[in-house]
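Residue-level structural notes
Here is what each chain is made of, one letter per residue.
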Amino acid sequence: SERLEEYQDQILDVCRETFGTKGYSRHYRDPFLLEKLPGIAYTLAVMQLNFQQIDPTYFLLAIDTVANMLCGFSVIGRKSGLGEDRYTQLLSAVRKAYWGRGLYQGLTSLLVQRLPQNALLLNVTHAENHAIQKAYQKSGRIHLADTVVLRQFYAIL
């Protein structure tokens with residue numbers, strides 16, 4: 001959390017790289033969101049709001065310490081109105097050069113360690129977004145519906 005400000009520009013660069021052209025995000029398909037801002041403009045605007053409004057401890061960063069470069073990130077937020085320990089990954093992305101190396105799964109594993117014992121994690125995407133559905137499945141999420149992926153985290157007794 002103490003290094004978030006140092007990596008904000010790189011977080012935005014990863015967003016541009018990951019979401020800028022192909023639209024691996026519901027922000028390219030959801031008519032409600034498209035009315036707000038199209039595609040990458042929406043994603044970048046939301047990230048700016050996240051920097052202002054989300055506690056830095058809810059930003060998980062994967063950093064290549066040799067290159068001092070951000071490899072990927074995940075921003076976590078509470079889902080108000082759904083209960084005390086309900087969370088969502090607001091946005092997660094991995095720099096293309098690091099795809100296929102398990103970083104998304106690593107960020108999810110770190111998230112599991114940081115969330116309260118009985119927390120629920122909610123992710124929303126389109127069923128046609130096969131790449132993200134596959135990433136969700138690899139990271140241990142349970143697919144419940146076409147646009148909702150929900151995972152219950154239990155402590156190992």
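Below you will find a few notes about this structure. All values derive from a computational prediction rather than experimental measurement. Within each chain, residue numbers correspond to sequence positions counted from 1 in written order. Reporting of local features is limited, given that this is a predicted model, to residues whose pLDDT is at least 70; pairs of side-chain atoms are given and counted only at 80 or more, and all residues count toward the totals for whole chains, interfaces and linings. Neither water nor hydrogens contribute to the side-chain values; these are computed over all heavy atoms in the structure.

Time to look at the overall build of the protein. Of regular secondary structure, the protein possesses five helices and six strands. The secondary structure elements of the protein, listed N-terminal to C-terminal, are α-α-α-β-β-β-α-β-α-β-β. Here's how the labels work: a residue is buried when its accessible area is under 20% of the maximum for its type, exposed when over 50%, partly exposed in between, all with a 1.4 Å probe on protein chains only. Counting across all 157 residues of the protein, residues that qualify as buried make up 38%. Considering only contacts within the protein whose residues lie at least 6 apart along the sequence, 57% involve residues at least 24 apart. Secondary structure elements are defined from DSSP: runs of H or I of at least 4 residues count as helices, runs of E of at least 2 residues count as strands, and each element is numbered from the N terminus. In what follows, a contact means two residues having at least one pair of non-hydrogen atoms within 4.5 Å.

Turning to the pairing of strand 2 (residues 69-78), a few remarks are in order. Most of strand 2 is tucked away: eight of the 10 residues are buried. Judged from the six bridges that link them, strand 1 (residues 59-64) and strand 2 form a sheet pairing that is antiparallel. From the neighbouring strand, F59 faces strand 2, where its bridge partner is V75. DSSP bridges decide pairing: two strands pair if at least two such bridges lie between them. Hairpin connection from strand 1 to strand 2: four residues lie between these consecutive antiparallel strands, with N68 at a positive phi of about 50°. By the bridge criterion, seven bridges tie strand 2 to strand 3 (residues 86-94) in an arrangement that is antiparallel. By the bridge assignment, R78 is partnered in strand 3 with Y87.

Before going further, it helps to spend a moment on the side chain of N50. By the element assignment, N50 lies in helix 3 (residues 39-53). When residues no more than four places from it in sequence are discounted, the contact partners of N50 are F59, V75 and L90.

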